[in-house]
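Descriptive structure summary
Okay, here's what each chain looks like letter by letter:
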Amino acid sequence: MELQKALNLQIANWNVLYTKLHRFHWYVKGPLFFTLHEKFEELYNEAATVVDQLAERLLAIGGEPIATMKEYLDVATIEETKGEKKASEMVATLVEDYKKIKEDLIQLANLAEENQDVITNDLAVGLIEKIDTHVWMLTAYLGE
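Residues numbered from 1 in each chain as written. Predicted model: local features only at pLDDT ≥ 70, side-chain atom pairs only at ≥ 80, totals over all residues. Heavy atoms only, no water.

Across its full length, the protein chain holds 5 helices and 0 strands. Over its C-alpha trace the protein chain gives a radius of gyration of 15 Å, about what one expects of a compact globule, namely 15 Å for 144 residues. Across the 144 residues in the protein chain, those meeting the buried criterion constitute 46%. For the protein chain, the share of sequence-separated contacts (at least 6 apart) that also reach a separation of at least 24 residues comes to 79%. A total of about 7,900 Å² of accessible surface is found on the protein chain, and carbon and sulfur atoms cover 54% of it. (Helix = DSSP H or I, 4+ residues; strand = E, 2+ residues; numbered from the N terminus. Rg over C-alpha atoms; globule rule 2.2 N^0.38 Å. Buried < 20%, exposed > 50% of the residue type's maximum accessible area, 1.4 Å probe, protein only. Contact = heavy atoms within 4.5 Å. Areas by Shrake-Rupley, 256 points an atom, 1.4 Å probe, with all protein chains shown as cover.)

A word on unusual backbone geometry. Even without being a glycine, Gln 116 presents a positive backbone phi close to 50°. Considering the arrangement of structural elements, one finds Gln 116 in the loop between α4 (87-114) and α5 (118-142).

Position of Ala 55 among the secondary structure elements: in helix α2 (residues 33-60). Considering only alpha carbons, one finds Ala 55 and Ala 67, 12 residues apart in sequence, at a separation of 9.2 Å. In contact with Ala 55, other than residues within four places in its own chain, are Ile 11 and Pro 65.

What follows is the structure, given as structure tokens:
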């Protein structure tokens, strides 16, 4: 079912994002270290919660969440870290990742609506709202 596939895509993306955010949390340097170190931790904790919500929703509708790193990397539409060194590169990468995840969430929301799955639609729309806030704040950090 397409809806289940779309949920697994989100599970993959949020797991890749979680790992990337952890790396950024550990490797960020510079004058805004304390601010970004804390922000990246907040975002990876959020990503972990989102993964759990998505997986539990998928199970509730009879699906099977993917659950290995290989599957995440095979399915995800965002990529692993490219070894970003500068804080601004890390933040710019996150902006692009969140934008891509949002595109995929819009498709999930539409599929859920077509399938009269108001719970999955609500979950997707709520995540889109969070992402819009993240993109706005991260873009403001970049001064763009």
